[in-house]
Amino acid sequence: MQTEHIEAIKRHEAALQRAVTVWISTGLLFMLLPGTFLGAWNLIEISDARTAARLDPAWIQAHGHAQIFGWIGSFILGIGFYSLSKMGGAARFAVSRAWTSWILWTAGVSLRWAANLWHWHWRALLPLSAALELAGFIIFFATVSRHRAAKTPAAGGAPESRVWMAAVIAGSIGFMLSLVANLLVVVQAAVHGSGPAIPHAMNQRLLALFTWAFPVVTIWGFSARWLPVFLGLPSPAPRPLIAALLVNVVAVAAALADMWILATILFLAGSALAVAALRVFRRSVRPAKITGVHPSFPAFVRSAYVWLLASAALSLAAAGWDRAGGLWGASRHALTVGYISTMVFAIGQRVLPAFCGMRVLFSPRLMFASLALLNAGCAMRVISETGAYEGYLPSLWPLLPLSAVIEMTAVTVFAANLALTFMQPPAHLRAQLSAASG
Ligand code: HEM
């Protein structure tokens, strides 16, 4: 009886891990085709025309939505569902929910992309896509919060062990608010708009919510949880991290109220507080855990936090001086490519092989190549976007398509490394196979 029960739990865990692998693979697909390839295409068009003003804003928004929700959102939802497999037999109904949520979410993000790109039935498809995304998220949120409520003891645990959860919960609320705001705005566009693109001023405000309130905060939470283990950093300081979260909430509220100077000063202050709280630039107190990954892993995690601060500083410059979208674009990509993507590339290649069926990363060298190319492409992009778009240094225009090709190569290498990892047998089977063949 006992053995049967254990076997049933194992089967449910394996089923949940399969669902999580599909979530992560879906995120990779959104990242590659609707996200990066469309982004690179847009950038080549902009460089040809030497202005971003002539490109259909619906295409730019299709790219941004595919990256933020299709890629980063799918990864966060997949990792969230994975955390249920760590909670024992409770995973039973979570498997079917993980699939239902995936169907709704994937359909929602795909429809949004199609409506933006081809303007096909966009008045109906925009609200439908946003409603499907929200429904997919609600299923995830209800499932995860029920488990957390059931499994987390009412009291206990050191404050530093709970502060990461506070940040992850804040990030989940930011995620939910982003989806609700998206639904409201696209309903308004469907009723009153003349095309699927969200008007510029409203879109700028939404983007502050979509980036600073959701992926950034969630990554602070995961950093508080994992960096002390993976980088051997001292434990995060709970109070400064809570202060960083509060400052960031006020910053997002100021951005939504169109108070950009205040908002960007606070983004910078919140990021500096988070960096101090997470002790990212302190010396490690224990050896970093780099088995199975490239030894440069801790350096890239630290570089991501340099990008976070650079992005916040650039957004302050943009609020004061932007004339042609170059400073805003540079600050946005310092955040989305420099910070968010570097963190996902670094931590993702560290944890996802284990989460998706107890595997080992296919190639630490490919991991290094993906991170080095991503950072080089991002630096080239941020510098040349500021110089070219704003007219400070028009000679930088030819560097923009080159930066797109370098970033595109980086994401392709990252996706290939994970796909090849998922195609390998799990670590214990590999060990058995090599023992049998040896
Ligand atoms: C190969 C890499 C990438 C290229 C070539 C690229 C290109 C572009 C271009 C040309 C724009 C139009 C605005 C501007 O000129 O700055 C844009 C906007 C944007 N990108 Fe990217 N991008 C890339 C990667 C990413 C990634 C990884 C993310 C997120 C994780 C992202 C998120 C966004 C967002 C949110 C916008 C704003 C969309 C809007 O206006 O609604 N991009 N990107």
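The structure this text deals with has already been given above.
Cut-offs applied
- Residues numbered from 1 in each chain as written.
- Predicted model: local features only at pLDDT ≥ 70, side-chain atom pairs only at ≥ 80, totals over all residues.
- Heavy atoms only, no water.
- Helix = DSSP H or I, 4+ residues; strand = E, 2+ residues; numbered from the N terminus.
- Rg over C-alpha atoms; globule rule 2.2 N^0.38 Å.
- Buried < 20%, exposed > 50% of the residue type's maximum accessible area, 1.4 Å probe, protein only.
- Contact = heavy atoms within 4.5 Å.
- Areas by Shrake-Rupley, 256 points an atom, 1.4 Å probe, with all protein chains shown as cover.
- Lys, Arg positive; Asp, Glu negative; His and termini not counted.
- Charge placed at Lys NZ, Arg CZ, Asp CG, Glu CD.
- Salt bridge = Lys/Arg side-chain N within 4 Å of Asp/Glu carboxyl O.
- Bend = angle between axes of the 7 residues up to and from the residue.
- Donors = N, O, S within 2.8 Å, 3.2 Å for Na, K, Ca; no water.
- Tetrahedral: all angles 85-135°; square planar, octahedral: opposite > 155°, others 65-115°.
- Near = heavy atom within 4 Å.
- Polar contact = N/O pair within 3.5 Å; in protein donor to acceptor, adjacent residues only side chain to side chain.
- Nonpolar A, V, L, I, M, F, W, Y, C, P; charged D, E, K, R; others polar.
- 1 Å grid on protein atoms, 1.4 Å probe; cavity = no way out; pocket = protein on both sides within 12 Å on 5 of 7 lines; lining within 4 Å.
- Points joined across faces, edges and corners; volume = space filled by probe spheres on them.

J.: Explain the overall build of the chain residue by residue, including any values.
T.: A count of helical and extended segments in the chain gives 14 helices and 0 strands. Secondary structure of the chain in N-to-C order comes out as α-α-α-α-α-α-α-α-α-α-α-α-α-α. In terms of C-alpha radius of gyration, the chain reaches 21 Å, essentially the compact-globule figure of 22 Å for 438 residues. Taken over the C-alpha atoms alone, the chain extends approximately 70 × 50 × 50 Å along its principal axes. Counting all 438 residues of the chain, 54% fall into the buried class. Put simply, of all contacts in the chain between residues at least 6 apart along the chain, 84% involve residues at least 24 apart. Carbon and sulfur atoms make up 70% of the accessible area of the chain, which amounts to about 18400 Å² in all. The averaged location of the 13 negative side-chain charges in the chain is 12 Å from the averaged location of its 30 positive side-chain charges.

J.: So what's going on with the pattern of salt bridges? Which residues, and what values?
T.: Applying the stated rule across the entire model yields 1 salt bridge. Note that Arg 381 is salt-bridged to Glu 385, the shortest N-O span being 2.8 Å. Pair noted here: Arg 381 and Glu 385 are both in helix α12 (residues 364-389), with a separation of 4 residues, about one helical turn. Neither Arg 381 nor Glu 385 differs from the other in exposure class; each is buried.

J.: Can you lay out helix α7 (residues 215-230) for me, pointing to particular residues and giving the numbers?
T.: At Ala 224, α7 is bent by approximately 35°, the largest bend along its length, and proline Pro 228 sits one to four residues beyond. Burial within α7 is extensive, with 14 of its 16 residues counted as buried.

J.: How would you summarise the coordination of the iron atom of the ligand if you had to cite specific residues and measurements?
T.: Coordination of the iron atom of the ligand by the protein involves His 63 (NE2) and His 333 (NE2), with metal-donor separations of 2.0 to 2.1 Å. Around the iron atom of the ligand, the 6 donor atoms are arranged such that angles at the metal cover 86 to 179°; this shape is classified as octahedral. Here His 333 lies in helix α11 (residues 326-355) and His 63 lies in helix α2 (residues 57-85), a separation of 270 residues in the sequence.

J.: I'd love a proper account of the environment of Ile 242, names of residues and values included.
T.: Structurally, the position occupied by Ile 242 is in helix α8 (residues 238-256). Classification of Ile 242 as partly exposed rests on a relative accessible area of 35%. Residues Ile 242 and Tyr 305, spaced 63 residues apart in sequence, show a C-alpha to C-alpha distance of 18 Å.

J.: Tell me about the site of the ligand, residues and numbers included.
T.: Contacts to the ligand come from 27 residues, most closely from His 63, His 333, Glu 385, Tyr 389 and Glu 407. In this structure, an oxygen atom belonging to the ligand sits 2.9 Å away from a side-chain N or O atom of Asn 203. The side chain of Glu 385 places a nitrogen or oxygen atom 2.6 Å from an oxygen atom of the ligand. Where the shell around the ligand is concerned, the elements lending two or more residues are α1 (2-49), α2, α6 (200-212), α11, α12 and α13 (399-423). In terms of residue count, the dominant contributor to the shell around the ligand is α2 (7 residues). Partitioned by chemical class, the residues of the shell around the ligand number 11 nonpolar, 12 polar and 4 charged.

J.: Describe empty space enclosed by the protein, with residues and values.
T.: One pass over the structure, following the stated rule, counts 2 cavities of 30 Å³ or more. Space inside the largest cavity adds up to approximately 210 Å³. If you trace the largest cavity, you find 15 residues lining it, with Ile 79, Ile 219, Phe 222, Met 343 and Val 344 closest to the centre. If you list the elements that add at least two residues to the lining of the largest cavity, you get α2, α7 and α11. If you tally residues by element for the lining of the largest cavity, the top one is α11, at 6 residues.

J.: So what's going on with the side chain of Glu 390? Residues and values would help.
T.: Relative to the elements of secondary structure, Glu 390 occurs in the loop between α12 and α13. Within the buried set, Glu 390 has no salt-bridge partner at all; the shortest N-O distance to an opposite charge, 4.1 Å, is to Arg 323. A polar side-chain atom of Glu 390 sits 3.1 Å from the main-chain amide nitrogen of Ala 324. With residues up to four places along the chain from it excluded, the contact list for Glu 390 reads Trp 321, Asp 322, Arg 323, Ala 324, Gly 325, Gly 326, Leu 327 and Glu 385.

J.: Residues and numbers for the side chain of Ser 331, please.
T.: Along the chain, Ser 331 falls in helix α11. With relative accessibility at 6%, the residue Ser 331 sits in the buried group. Residue contacts for Ser 331: discarding those within four places in its chain leaves Ser 311, Leu 314 and Ser 315.

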